[in-house]
Amino acid sequence: MAQQRVALITGGTGGIGTAIVKRLAGMGHKVATNYRDEGKARAWQEKMAAQGVQAMLVKGDVSDPESCKTMVAEIEKQLGPIDILINNAGITRDTTFHKMSYQQWMDVVNTNLNACFNVTRPVIDGMRARKWGRIVQISSINGQKGQYGQANYAAAKAGMHGFTISLAQENAKFGITVNTVSPGYIATDMVMAVPEEVRAKIVAQIPLGRLGEPDEIAYAVSFFIADEAAWITGANLAINGGHYMGW
Ligand code: CAA
Ligand code: NAP
């Protein structure tokens, strides 16, 4: 088995996050994630424990830099230095741009893009000092192709890959790889919130004819964080059932 490391997966209690938590824990890593609603998070933790998955929970809001500093410090105190970071927490506030409020713009940019600064900044110095690290951004197909009703989200998700390719260059000589996974439409609460008739039209555009499963994204994350993936950095892996094949 590969060396046991400490992994922080933000938004680990959500649809894709839960699959990443389970996969990384299954690889033997010590996993931690954040919560905002303690009751909901503890119920999730019990469900995980019943499946044999131990996950540390720590309070944290990825849109708040101070909260992220405290979150990282608490995880490192309890589990040890964070060697693997998966920037996965995210939200949508879909609406056409001419109806979009400043708040809807800011909420999405803060939670998806600014979170990359907030969470990665307190983690990066330790990875550089230890000369090993794995960072993965969970972006989106809609950051690559744009999406009607998602000017805020598409801008933030595209920005996440700009972050990846800059961080990858700056940290390559420190043994840190930085990559992006860009999922297509996955069967989680986020996609189920899209009106059913709109969703049916989206699924009809997917060559593989169905929504993706969270574990199909977690599998890609496990690939990027493996010891054997040491020469893969600055990459973007699109996993979308053939929905968007730009290269
Ligand atoms: N292409 C062209 N026209 C479109 C369109 C599209 N994809 N979607 C909507 N329209 C048109 C409608 O036909 C309608 O046209 P008319 O006015 O001529 O009748 C017009 O847009 C409606 O515009 P409104 O401003 O009134 O919008 P609305 O309030 O009805 O809501 C919407 C529009 C928010 C875009 C809604 O259709 C929607 O939720 N779409 C789905 C957006 C989406 O894919 N979100 C992804 C969420 S999951 C996720 O984000 C995860 C991930 O990373 C993949
Ligand atoms: P989800 O089920 O809604 O889960 C989102 C997770 O993010 C939840 O754990 C949520 O915690 C957390 N979160 C939201 N705002 C937060 C904040 N400010 N601070 C800390 N945590 C916060 O969504 P998902 O489908 O798993 O999406 C996960 C990631 O994949 C997102 O970045 C999303 O944009 C991306 N993605 C999803 C799809 C898809 O089709 N589902 C496709 C492409 C990309 P709470 O429970 O506290 O809200």
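Overview of the structure. Counting restarts for each chain, with residues numbered from 1 along the sequence as it is written. Lettering for chains starts from A, numbering for ligands starts from 1, and both go in the order in which the items are written. Whole-chain, interface and lining totals are the exception, using all residues; otherwise, since this is a predicted model, local features are given only for residues with pLDDT of at least 70 and side-chain atom pairs are given and counted only at 80 or more. Hydrogen atoms and water are omitted, and side-chain values are computed over all heavy atoms in the structure.

1. Some remarks on the layout of surface pockets
Grid spacing is 1 Å over the protein atoms alone, the probe is 1.4 Å, and a cavity is where that probe fits but cannot get out, while a pocket is an open set with protein on both sides within 12 Å along at least five of seven lines and lining residues have an atom within 4 Å of a point. Grid points are joined across faces, edges and corners, and a volume is the space filled by probe spheres set on the points. If you add up the space inside the second largest pocket, you get close to 150 Å³. Its residues placed into classes, the lining of the second largest pocket shows 6 nonpolar, 4 polar and 2 charged. In the scheme used here, Gly and all other residues not listed as nonpolar or charged are polar, with Ala, Val, Leu, Ile, Met, Phe, Trp, Tyr, Cys and Pro taken as nonpolar and Asp, Glu, Lys and Arg as charged.

2. A few points about the state of the cysteines
Disulfides are defined in this document as cysteine sulfur pairs within 2.5 Å. The tally for this structure, following the rule as stated, stands at 0 disulfides. Considering cysteine sulfurs only, cysteine 68 is the nearest to cysteine 116, which forms no disulfide, with 10 Å between them. Relative accessible area decides the class of each residue, using a 1.4 Å probe on protein chains only: under 20% of the type maximum gives buried, over 50% gives exposed, and in between gives partly exposed. For cysteine 116, a relative accessible area of 1% corresponds to the buried category.

3. What about the packing of helix H4 (residues 102–130) against helix H6 (residues 151–171)?
Each axis is a line fitted through C-alpha atoms, taken for helices only over the stretch in contact, and angles between the N-to-C directions span 0 to 180 degrees. Here a strand is any run of E in DSSP of at least two residues, a helix any run of H or I of at least four, and the numbering for each starts at the N terminus. Remark: H4 packs on H6, axes separated minimally by 8 Å, with the N-to-C direction vectors making an angle of 15°. What the angle tells us is that H4 and H6 run roughly parallel. Like other packed secondary-structure pairs, H4 and H6 cross with a definite hand, here right-handed. Judged by residue contacts, Gln104, Trp105, Val108, Val109, Asn112, Leu113, Cys116, Thr120, Ile124 and Arg128 of H4 engage Ala151, Asn152, Tyr153, Ala155, Ala156, Lys157, Gly159, Met160, Phe163, Leu167, Glu170 and Asn171 from H6. In this scheme, roughly parallel covers angles under 35 degrees and roughly antiparallel covers those over 145, while 65 to 115 is roughly perpendicular and the rest are oblique. Helix crossings are classified by the rotation of the near helix relative to the far one: an anticlockwise turn of less than a right angle makes the crossing left-handed, while a clockwise turn makes it right-handed. In what follows, a contact means two residues having at least one pair of non-hydrogen atoms within 4.5 Å.

4. Digging into the sheet that holds strand E1 (residues 6–9)
Note on pairing: DSSP must find at least two bridges between two strands before they are called paired. Taken together, the 7 strands give an open sheet; going across it, the order is E3-E2-E1-E4-E5-E6-E7, and neighbouring strands pair in parallel fashion. Looking at strand neighbours, the two that pair on one side only are strand E3 (55–59) and strand E7 (236–239), the edges of this open sheet. Neighbour-to-neighbour, the strand axes of the sheet open up by a mean angle of 20°, direction not taken into account. The sheet contact formed by strand E5 (residues 133–138) and strand E6 (residues 176–183) spans 6 bridges and is parallel. Paired with isoleucine 138 across the bridge in E6 is valine 181. Together, strand E4 (82–87), E5, E6 and E7 form the strand contacts of H6, whose direction differs from that of E6 by roughly 160°.

5. With respect to the site of ligand 2
Definition of nearness: a residue and a molecule or strand are near each other if at least one heavy atom of the residue lies within 4 Å of the molecule or strand. Taken together, 29 residues lie near ligand 2, and Arg36, Asn88, Tyr153, Ile186 and Thr188 sit nearest. Within the contact set of ligand 2, a nitrogen atom lies 2.9 Å away from a backbone nitrogen or oxygen of valine 62. What qualifies as a polar contact is a pair of N or O atoms within 3.5 Å, subject to a donor-acceptor requirement within protein and to the restriction that residues adjacent in sequence count only when both atoms come from side chains. Here an oxygen atom of ligand 2 and a backbone polar atom of asparagine 88 are 2.7 Å apart. Alone, ligand 2 offers 900 Å² of accessible surface; in the complex the protein occludes 91% of this. When residues of the shell around ligand 2 are traced back to their parent elements, those giving at least two are helix H1 (15–26), H4, H6 and helix H7 (189–192). Split by residue class, the shell around ligand 2 holds 11 nonpolar, 14 polar and 4 charged. For the accessible areas, the method is Shrake-Rupley and the probe is 1.4 Å, while residue cover comes only from the protein chains on display.

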